[in-house]
Amino acid sequence: MIHITDHPWLQNANKAPNVNLGETVRARLQQFSMMNKFKKKALRVIAEHLSVEEIADIKEMFENMDINKKGQINFDELKYGLRKLGHQVADSDVKALLEAVSYC
């Protein structure tokens, strides 16, 4: 296993040129950051309006899908869990779901 400080990008950090990435890149990064904050706030608002029973149901679904009990659901666990609940979801949609929540 490679340690992060062993990565060539970090090894050569002092030699890297100071290049302006431009206004477009800065604006896109800022927009991404704002969307991430918006998603977090939206999820918090949604969660605050859930009943205790709904929260318990979601927690139970998560725990049932978390087969390896690591506190995170991977692609196969989500796919299997959704199918077990009666949802036939395409692999591309399962991947999209995982990508959507991993940015929150």
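Residues numbered from 1 in each chain as written. Predicted model: local features only at pLDDT ≥ 70, side-chain atom pairs only at ≥ 80, totals over all residues. Heavy atoms only, no water.

A. How the structure looks around the overall build of the chain. Across its full length, the chain carries 5 helices and 0 strands. Listed by position from the N terminus, the elements making up the chain come as α-α-α-α-α. Classification of the 104 residues of the chain by burial places 10% in the buried group. As presented, the chain carries roughly 9300 Å² of accessible surface, and 60% of it is formed by carbon and sulfur atoms. (Helix = DSSP H or I, 4+ residues; strand = E, 2+ residues; numbered from the N terminus. Buried < 20%, exposed > 50% of the residue type's maximum accessible area, 1.4 Å probe, protein only. Areas by Shrake-Rupley, 256 points an atom, 1.4 Å probe, with all protein chains shown as cover.)

B. Looking closely at the UniProt feature "domain: EF-hand" (unreviewed entry) in the chain. The residues that UniProt annotates with the feature "domain: EF-hand" (unreviewed entry) are residues 53-88. Counted over residues 53-88, helix gives 64% and strand 0%. Its end C-alpha atoms are 25 Å apart. (UniProt positions renumbered as here; feature names shortened; annotations may be inferred.)

C. Expanded view of a positive patch on the surface. A cluster of basic side chains, namely Lys37, Lys40, Lys41 and Arg44, defines a positive patch on the protein surface. By secondary structure assignment, the location of Lys41 is in helix α2 (residues 23-48). Under the relative-accessibility criterion, Lys41 is labelled exposed at 59%. (Patch = residues over 30% accessible without salt bridge, like charges linked within 9 Å, V, L, I, M, F, W, Y side chains within 5 Å. Salt bridge = Lys/Arg side-chain N within 4 Å of Asp/Glu carboxyl O. Lys, Arg positive; Asp, Glu negative; His and termini not counted. Charge placed at Lys NZ, Arg CZ, Asp CG, Glu CD.)

D. A look at a nonpolar patch on the surface. Side chains of Leu21, Val25 and Leu29 sit close together on the surface and give an oily, nonpolar patch of about 290 Å² of accessible area. Position of Leu29 among the secondary structure elements: in helix α2. You can call Leu29 exposed: its relative accessible area is 54%.

E. Here's a closer look at the pattern of salt bridges. Across all of its chains, the model carries 2 salt bridges by this definition. Lys79 serves as the salt-bridge partner of Asp91, at 2.9 Å between the closest nitrogen and oxygen. Taken together, the residues Asp91 in helix α5 (residues 91-102) and Lys79 in helix α4 (residues 75-84) connect sequence positions 12 residues apart. Given the relative accessible area of 37%, Asp91 is considered partly exposed.

F. How the structure looks around a negative patch on the surface. Where like charges cluster on the molecular surface, the negative patch consists of Glu53, Glu54, Asp57, Glu60 and Glu63. Tracing the backbone through its elements, the reader meets Asp57 in helix α3 (residues 52-65).

G. Broad picture of the confidence of the model for the chain. Per-residue pLDDT for the chain has a mean of 82; in total, 88% of the residues score no lower than 70. Within the chain, no element has a lower average pLDDT than helix α1 (residues 8-11), which sits at 69, and none a higher one than α4, at 92. (pLDDT = per-residue confidence, 0-100.)

H. View of unusual backbone geometry. Notably, Lys69 is not glycine yet its phi reads approximately 55°, a positive angle. If you trace the backbone, Lys69 turns up in the loop between α3 and α4. Given the relative accessible area of 60%, Lys69 is considered exposed.

I. Seen up close, the nonpolar core. By size, the foremost hydrophobic cluster in this structure holds 6 residues: Met65, Ile73, Leu78, Leu82, Val89 and Val94. For Met65, the residues in contact, after removing those within four places along its chain, are Ile73, Glu77, Leu78, Gly81, Leu82 and Leu85. (Core = buried A, V, L, I, M, F, W, Y, C linked by side-chain atoms within 4.5 Å. Contact = heavy atoms within 4.5 Å.)

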